[in-house]
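A look at the structure
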Amino acid sequence: MPVQRPRRRGRLRFCPRCKKLMIPKIVNGRKVLVCPNCGYTIELEDDDAYKFGAPKKKSPKDKIIVVDANQPPPTATVLKGQVRCPRCGHDEILFWMMQTRAADEPPTRFYRCLKCGYSWREYD
Ligand SMILES: [Zn+2]
Ligand SMILES: [Zn+2]
C-alpha cells in the first residue's frame, strides 16, 4: 500500500480513493490517517498537528460550552463532505468544526445530514 507523506499540518484530509473524511489514529505506534470506508492509510509526520491519545488532565474549571449541534455557529466555516448518516444512510453531509473544550484541544467536528437533517458530532 502506498504511503503518502502529507505536507500541510492538521487539516482535514479526504481519502484519495473514496473521498471519505480520514480519521487520525495510532497504528502500531505510528500516527496515521485512516479512511473509515476503505482503510486507505496516510502516514503522518511526528510533528503533525493532530493530537493523539494521552488526554490532558482536565481541571473542573474548564468551561463546558453547551452547543446546539443542529446549527453551526456564525463563525464556523461549513463545508460539504461525504460521511454516512447514521440515521438514513445518505452520504452527503455538511460539517463544521467548533472548539467545545479547552483551547489546546482539537475542535469537535459536527455533521448534519443533507437529506434528513440529522445532526451528530464526532468525538476523538
Ligand atoms: Zn477510502
Ligand atoms: Zn440522514
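Data block above holds the structure.
Rules used in this analysis
- Residues numbered from 1 in each chain as written.
- Chains lettered and ligands numbered in written order.
- Predicted model: local features only at pLDDT ≥ 70, side-chain atom pairs only at ≥ 80, totals over all residues.
- Helix = DSSP H or I, 4+ residues; strand = E, 2+ residues; numbered from the N terminus.
- Pairing = 2+ DSSP bridges.
- Axes fitted to C-alpha atoms, helices over the stretch in contact; angles between N-to-C directions.
- Core = buried A, V, L, I, M, F, W, Y, C linked by C-beta atoms within 7 Å.
- Buried ≥ 20, exposed ≤ 12 C-beta atoms within 10 Å, placed from the backbone.
- Contact = placed C-beta atoms within 7 Å.

1. Focus: the overall build of the protein chain
For the protein chain, the helix and strand inventory stands at 0 helices and 7 strands. Moving toward the C terminus, one meets the helices and strands of the protein chain in the order β-β-β-β-β-β-β.

2. A look at the sheet that holds strand β6 (residues 108-113)
Strand order in the open sheet formed by 4 strands is β4-β5-β6-β7, with antiparallel pairing between adjacent strands. Strand pairing shows two members of the sheet lacking a second neighbour, β4 (79-81) and β7 (119-122), which therefore form its edges. Averaged over neighbouring strand pairs, the angle between their axes works out to 35° when direction is ignored.

3. Notes on the sheet that holds strand β3 (residues 41-43)
Taken together, 3 strands build an open sheet; the order of strands is β1-β2-β3 and the sheet is antiparallel. Two strands in the sheet have a free side with no partner beyond their single neighbour: β1 (23-27) and β3. For this sheet, the mean inter-axis angle between neighbouring strands, taken without regard to orientation, is 35°. Strand direction decides the pairing type here: β1 and strand β2 (residues 30-34), joined by 5 bridges, are antiparallel. Among the inter-strand pairings, I26 is bridged to a residue of β2, identified as K31.

4. Observations concerning the nonpolar core
Ranked by internal contacts, the top residues of the largest apolar core, which has 13 residues, are M22, V83, I93, F95 and Y111. Those elements giving two or more residues to this core turn out to be β5 (93-98) and β6. Residues in contact with I93, not counting those within four places in the same chain, are G81, V83, C85, Y111, R112, C113 and L114.

5. With respect to the pairing of β2
The turn linking β1 back onto β2 is made up of 2 residues, and N28 within it adopts a positive phi angle of 50°. In this sheet, β3 lies alongside β2 in antiparallel orientation, the contact comprising 3 bridges. Across the sheet, residue V32 finds its bridge partner in β3, namely E43. In sequence, β2 turns back onto β3 through a hairpin of 6 residues, with G39 there showing a positive phi of about 85°.

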